[in-house]
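Observations on chain architecture
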Amino acid sequence: MLLFARLTTALAWIAALLFTIAGAMLTYEVAARYFFTAPTIWAAELSQLTLIWGSLIAMSWALAARRHIAVDAVVRLLPRDVQRGTETLAMIAVAVFSAMVAWHGWGIFYDSYERGRTTGSMLDLPTWVSELAVPVGFGLLFVQALIETGRALSGARLDDDPGDVIE
Amino acid sequence: MTALLILVALFALLLLRVPVAFALGGLGLALLLLGGFSPLMAPQAILSTLDGFILLAVPLFLLMSNVLLKGGVGRDLFAAVHAWVGHWPGGLAVATIVSCGVFAAISGSSVATAATIGTVAIPEMISRGYDKRFVYGLLAAGGTLGILIPPSIPMIVYGFVTEQSVIALFLAGIGPGLALVGLFIVYSMVYARFFGGYTPEPPASWAERRTSSLRALPSLALAVVIIGVIYSGAATPTEAAAIGFAAALVITGLMLRTLTWQGFKEAMFESMVTTVAILLIVAGAKVFGKAITLYRIPQDISVFIGQAIDTPLAFILVVSVVLLFMGLVFEALSMVLIMTPVLLPAAMALGLDPIWFGIYMVVMVECALITPPVGLNLYVIQSVARASLGDVSRGVLPFLALMLLTVALLYVWPDLALTIPFKL
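Residues numbered from 1 in each chain as written. Chains lettered and ligands numbered in written order. Predicted model: local features only at pLDDT ≥ 70, side-chain atom pairs only at ≥ 80, totals over all residues. Heavy atoms only, no water.

**Points about the side chain of Glu 45 of chain A**
Residue and element names in this part refer to chain A. Structurally, the position occupied by Glu 45 is in helix α2 (residues 43-57). Buried and without a salt bridge, Glu 45 has Arg 33 as its closest oppositely charged side chain, separated by 14 Å. Those residues in contact with Glu 45, other than ones at most four positions away along the chain, are Thr 119, Ser 121, Met 122, Leu 123, Asp 124 and Leu 125. (Helix = DSSP H or I, 4+ residues; strand = E, 2+ residues; numbered from the N terminus. Buried < 20%, exposed > 50% of the residue type's maximum accessible area, 1.4 Å probe, protein only. Lys, Arg positive; Asp, Glu negative; His and termini not counted. Salt bridge = Lys/Arg side-chain N within 4 Å of Asp/Glu carboxyl O. Contact = heavy atoms within 4.5 Å.)

Written as structure tokens, this is what we have:
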């Protein structure tokens, strides 16, 4: 479990790095277009890939750190033991959802991979390059949701600081 | 009937504290399965959301404003504005609002705006004898300008889900944003004149004005450049955000030399966390939106509203009340994502402009940000000022009234929003 926590933290940092790289690529693209009249064929497409992969691989870290946006105004009013129950149910719901998306996402990926489908854009990358992010991301989220279900049941998850809410 | 059941299920999941993204996505997927539609639509909707080029602007605008925040740009901005208007009646309050407005033009988030300006302005105003509730209210409300004055993350998201032009939305936010700044300034000056209690200040010296303005100039220029670039069509909003991020690094890292390596790493990580939280909600909402469209829910609601309500005025009144109540419990972005697909068809059937409706939603969401018990900006000010939630909540009431006044103004005079994008 400690190993898994290390993995998700590392993935969260990789996601942060990917978004930063997207910023660099697009800045380069605009500079190349205006100053050298030589727009790139890769900047827009690759930065889009950073958004897909970055968002999906960082999901599980955010679930563990309680950094997903949730409505807690009502639950907060309940007694602690009831909260443990609701939180456990909530985590089971996340586990079921992520398992199904991972499963069907895998189907989409595998189909494209088998048929060698490509994007048909300038770079003409295989479509599975982006589609693989769904089973990977939601697979990790499924494992994390199982861990969090256990932690919700024991009450450990409730003790965590929900972190700064964000928008 | 189905619509009601779906709504009850959604609220049950949300109130159970299932994260908003997965509540929307999960319910959407369940509806697809129940209705005999292909569940493959769920992963496809998630992929197509994250494949949206306009949404790439979200992490980049966040990186830009977080870098500026870590680089202490808020302090410089506030000092510069303060040097010019500090001696006016209620000068510090005016300086605070103007600083919020300027920071809003380089940030797409109201929380970032409230936190950045609040950190410097609150201690300063309290030490000058301003009533603390007034101060908290001013900052919580001033911070909400972050999402009305472009860039704005809720506008990017609204544009994405409704397939409206984000550029038009950005430009339409300028007029109401300035109107709100104006109302806040007038209120602050009137308040200071009659309820006073603060220590007036002498005007700053010209030397002070020059040095502080020079320091704030790069950030101010950045705000102008971002909007200029988008307005002229020289770059897409996403590209403008990337340039803004690069420029923010140059300003804080090379020119002011206030950005540390540690600060940069924090800015990177925080931007990632916010991006992931926001984009997953958008993706979840896309799955949900697909499902309810297949069930013809928006169409049914639109027909229902059409039968019950036949004037735009009645529609806006009813919707405003609903949104105000939702805003008591819901976080801003989720509100936009849940309500827009349901309400926009009805709004358009009544002849309301979709861009206008987007700006209206943003102002209503600003209200949600400062209505207790759940209002993100209340929490921000609470933690920045180490104040009680009660004091902050009472402080925002007059400002809430001013925001609703802006909604009314927007209704009777739609051109307040629509002139800049469409008539200039």
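Picking up after the structure, the text goes on.
**With respect to the interface of chain B and chain A**
Each partner contributes residues to the interface: chain B has 62 residues there, and chain A has 60 residues. Carbon and sulfur atoms make up 78% of the area that chain B and chain A hide from each other, which totals about 5500 Å². The three residues of chain B that bury the most area against chain A are Arg 17, Phe 22 and Leu 47 of chain B, which together make up 14% of that side's buried surface. Seen at the junction of chain B and chain A, the total is three salt bridges. We note a salt bridge from Arg 17 of chain B to Glu 87 of chain A, for which the minimum N-O separation is 3.3 Å. Applying the counting criterion to the chain B and chain A interface returns eleven residue pairs in polar contact (both at pLDDT 80 or more). Of all the secondary-structure elements, those providing two or more residues to the side of chain B that touches chain A are α1 (2-15), α2 (20-34), α3 (41-50), α4 (57-70), α7 (110-127), α12 (237-255), α13 (261-294) and α18 (376-385) of chain B. (Buried area = accessible area lost by both parts, 1.4 Å probe. Polar contact = N/O pair within 3.5 Å; in protein donor to acceptor, adjacent residues only side chain to side chain.)

**A closer look at the confidence of the model for chain B**
On average, residues of chain B score 91 in pLDDT, and 100% of them reach the 70 mark or higher. The complex prediction reports pTM at 0.92, with the ipTM value standing at 0.93. (pLDDT = per-residue confidence, 0-100.)

**Some thoughts on the nonpolar core**
Leu 56 and Phe 138 of chain A together with Phe 22, Met 272, Phe 315, Phe 357 and Tyr 360 of chain B are the most contacted members of the largest nonpolar core, which totals 209 residues. With 19 residues, the top contributor of residues to this core is α13 of chain B. The residues contacting Leu 56 of chain A, other than those within four sequence positions of it, are Ala 133, Val 134, Gly 137 and Phe 138 of chain A together with Ile 46, Leu 50 and Leu 280 of chain B. (Core = buried A, V, L, I, M, F, W, Y, C linked by side-chain atoms within 4.5 Å.)

**Focus on the layout of surface pockets**
All names here are of chain B. Volume-wise, the second largest pocket comes out at about 600 Å³. What lines the second largest pocket is a set of 25 residues, and nearest its centre among them are Ala 3, Leu 7, Ile 301, Phe 304 and Val 342. Of all the secondary-structure elements, those providing two or more residues to the lining of the second largest pocket are α1, α13, α14 (297-308), α15 (312-329) and α16 (332-349). Residues belonging to the lining of the second largest pocket are distributed by class as follows: 23 nonpolar, one polar and one charged. (1 Å grid on protein atoms, 1.4 Å probe; cavity = no way out; pocket = protein on both sides within 12 Å on 5 of 7 lines; lining within 4 Å. Points joined across faces, edges and corners; volume = space filled by probe spheres on them. Nonpolar A, V, L, I, M, F, W, Y, C, P; charged D, E, K, R; others polar.)

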